[in-house]
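Listed below are the residues making up each chain.
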Amino acid sequence: MTTDKPSVTVLGLGAMGTALAGALLSAGHPVTVWNRTAAKADALVERGAARAASPAEAVAASQIVVACLLDYDSVREVLGTESLRGRTLVNLTNGTPGQARRFAEWAACQGADYLDGGIMAVPPMIGTPAAFVLYSGSAGAFDRARPALDTFGESIFLGEAVGRAALTDIALLTGMYGMIAGSLQAFALVTADGVPATDFAPLLTRWLQAMSGWADGAAKQLDSGDYATGVVSNLGMQAASFDNLHRTADEQGVHSGLFAPLGRLMQQRAADGHGHEDLTGIIELLRKDDN
Ligand code: FVH
């Protein structure tokens, strides 16, 4: 079967690399795959992917090379000292903005046109409308690879500052882990009283969804630096009632360590005279070095 879709190499067939390669195959791209543990390629090869015997063979097979490995060190290890001349290298491995910048310099020395990416999806979401992927780096690389990248989910290009995708990815993950930490604490409280987690989960979901609009209002305050407008729940009130989170945890025999730092910041900010403002102003304490 012939196709006019560009061929793509996928390096790394963990849960995410397998999903990415699968999406490319489903969209009709010729796909070459390589993984350190070769057997992980079997199912994709059955679906039509070509198995490369080495990273060098994989890189030679396609102009677009997608890497999705554990970390940046493993990508460097896999790519070794191979020339990447003429290749568009798309690195979807999780890392820091600094790692992305250093990796981009290395990739340029190897001759690659480099695009860094952050996947905002778990593997089963890949190829569905729920998935979005952040990119930054070479605009030319993004344009060239885009038809292939769009098979993963919505492609969002954040500009040529190569660290921007990693920064945004980590910021979004930070928000997610805050939600998960809070949810685990909530489950610990109610299950300590014998409430089945499955009974509580719909209420938790409903409440988190109701609160999800918070970020938009907070963003306006943050951009203006004025934390006193549009206040519906002032910080002084929240600092006082936040203490009940600790007390209830104690009563339920649950650790409250996850929330202790936030409680301290709320009290400090209120003590500094900002009790009439919104909780958002706590960001000023996060920005201070002496915190
Ligand atoms: N899975 C997820 O929910 C998240 C969603 C957002 C993006 N992340 C990032 O994607 C990268 C890969 O994640 P993954 O889920 O595919 O991870 P694993 O299933 O653990 O697979 C890891 C692959 O990396 C290979 N590998 C690790 N170390 C080396 C090495 N030194 N040399 C060569 N390959 C290496 C590993 O190979 P093998 O163990 O199968 O031989 C897997 O292919 C990651 O950055 C997430 O943060 C996923």
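The structure presented is a predicted model; accordingly, all values stated were derived computationally and were not measured.

1. A few points about the overall build of the protein
If you tally the helices and strands in the protein, you get 12 helices and eight strands. If you line up the protein on its principal axes, its C-alpha atoms span 65 × 45 × 30 Å. The buried share among the 291 residues of the protein stands at 41%. Accessible surface for the protein amounts to roughly 15,400 Å². Of this, 57% is attributable to carbon and sulfur atoms.

2. Details of the site of the ligand
Close to the ligand lie 22 residues; Met 16, Asn 35, Arg 36, Thr 37 and Lys 40 are nearest. With respect to the ligand, the backbone of Met 16 contributes an N or O atom lying 2.9 Å from an oxygen atom. A distance of 2.6 Å separates an oxygen atom of the ligand from a polar atom in the side chain of Lys 40. Against a free-state accessible area of 900 Å², the protein chains account for coverage of 75% of the ligand. Among the secondary structure elements, those contributing two or more residues to the shell around the ligand are α1 (15–26) and α4 (72–79). The class makeup of the residues in the shell around the ligand is 11 nonpolar, eight polar and three charged.

3. Considering the domain arrangement of the protein
One can read the domain layout of the protein as domain 1 (8–161) and domain 2 (168–286). Together, the buried faces of domain 1 and domain 2 total about 470 Å²; carbon and sulfur atoms form 70% of this surface. Per-residue buried area on domain 1 facing domain 2 is highest for Asn 94, Met 120 and Leu 134; these three make up 61% of the total on that side. The tally of links from domain 1 across to domain 2 stands at zero salt bridges. Across the contact surface, domain 1 and domain 2 share zero residue pairs in polar contact (both at pLDDT 80 or more). Contributions of two or more residues to the side of domain 1 that touches domain 2 are made by β6 (113–120) and β7 (132–137). Among the elements that line the side of domain 1 that touches domain 2, the one with the most residues is β6, at three residues. Here the side of domain 1 that touches domain 2 is built from residues that sort into five nonpolar, three polar and no charged.

4. Examining the nonpolar core
In terms of nonpolar packing, the biggest core is built from 33 residues, with Leu 20, Val 33, Leu 92, Ile 119, Ile 126, Tyr 135 and Phe 152 touching the most fellow members. Elements that contribute at least two residues to this core include exactly β1 (8–11), α1, β2 (31–34), β4 (64–67), β6, β7 and α6 (139–149). Here the element with the most residues in this core is α1; it accounts for seven residues. Once residues within four sequence positions are removed from consideration, Val 33 is found in contact with Val 10, Leu 13, Ala 21, Ala 41, Leu 44, Ala 49, Ala 50, Arg 51 and Ala 52. Ranked by size, the runner-up nonpolar core spans 23 residues in total, among them Ala 67, Leu 89, Ala 104 and Ala 112.

5. Description of the packing of helix α7 (residues 164–191) against helix α8 (residues 197–211)
Interhelical geometry of α7 versus α8 gives an angle of 140 degrees and a closest axis separation of 10 Å. When the axes of α7 and α8 are compared, the pair comes out oblique. In this structure, α7 crosses over α8, and the sense of that crossing is right-handed. Across from Met 179, Ser 183, Ala 186, Phe 187, Val 190 and Thr 191 in α7, the residues of α8 making contact are Ala 197, Phe 200, Ala 201, Leu 204 and Leu 208. Looking at the contact of α7 with α8, its residues break down into nine nonpolar, two polar and no charged.

6. Quick notes on the packing of α4 against helix α5 (residues 97–109)
The geometry of α4 relative to α5 is characterised by a closest axis approach of 11 Å and an angle of 10 degrees between their N-to-C directions. By the angle between their directions, the pair α4 and α5 is classed as roughly parallel. Crossing hand, α4 versus α5: left-handed. Contact with α4, carried on its side by Tyr 72, Val 75, Arg 76 and Leu 79, involves Gln 99, Ala 100, Phe 103 and Trp 106 of α5 and no other residues of that element.

7. Here's the deal with the pattern of salt bridges
Per the stated rule, a full pass over the model turns up five salt bridges. Across the pair Asp 42 and Arg 51 runs a salt bridge whose closest N-O atoms are separated by 2.9 Å. With a relative accessible area of 39%, Arg 51 lands in the partly exposed category.

8. Concerning the side chain of Arg 269
Structurally, Arg 269 is set in helix α11 (residues 260–274). A relative accessible area of 6% places Arg 269 in the buried class. Not counting residues within four places of it along the chain, the set of residues in contact with Arg 269 comprises Tyr 227, Leu 235, His 274, Glu 277, Gly 281, Ile 282, Glu 284 and Leu 285.

9. What to know about the pairing of β1
With burial as the criterion, each face of β1 is covered, one bearing Val 8 and Val 10 and the other bearing Thr 9 and Leu 11. Summarising the sheet, β1 and β2 pair through four bridges and their orientation is parallel. The residue bridging Val 8 from the neighbouring strand is Val 31, located in β2. After leaving β1, the chain enters α1 and then returns to the sheet as β2, a path that is right-handed. Bridge count between β1 and β4: four bridges; the pairing is parallel. Directly across from Thr 9, in β4, lies its bridge partner Val 65.

Reading the values: the criteria
- Residues numbered from 1 in each chain as written.
- Predicted model: local features only at pLDDT ≥ 70, side-chain atom pairs only at ≥ 80, totals over all residues.
- Heavy atoms only, no water.
- Helix = DSSP H or I, 4+ residues; strand = E, 2+ residues; numbered from the N terminus.
- Buried < 20%, exposed > 50% of the residue type's maximum accessible area, 1.4 Å probe, protein only.
- Areas by Shrake-Rupley, 256 points an atom, 1.4 Å probe, with all protein chains shown as cover.
- Near = heavy atom within 4 Å.
- Polar contact = N/O pair within 3.5 Å; in protein donor to acceptor, adjacent residues only side chain to side chain.
- Nonpolar A, V, L, I, M, F, W, Y, C, P; charged D, E, K, R; others polar.
- Domains from an automatic or database assignment.
- Buried area = accessible area lost by both parts, 1.4 Å probe.
- Salt bridge = Lys/Arg side-chain N within 4 Å of Asp/Glu carboxyl O.
- Core = buried A, V, L, I, M, F, W, Y, C linked by side-chain atoms within 4.5 Å.
- Contact = heavy atoms within 4.5 Å.
- Axes fitted to C-alpha atoms, helices over the stretch in contact; angles between N-to-C directions.
- Parallel < 35°, antiparallel > 145°, perpendicular 65-115°, else oblique.
- Left-handed = near helix turned anticlockwise from the far one by under 90°.
- Pairing = 2+ DSSP bridges.
- Right-handed = clockwise from strand over helix to strand, strands pointing away.

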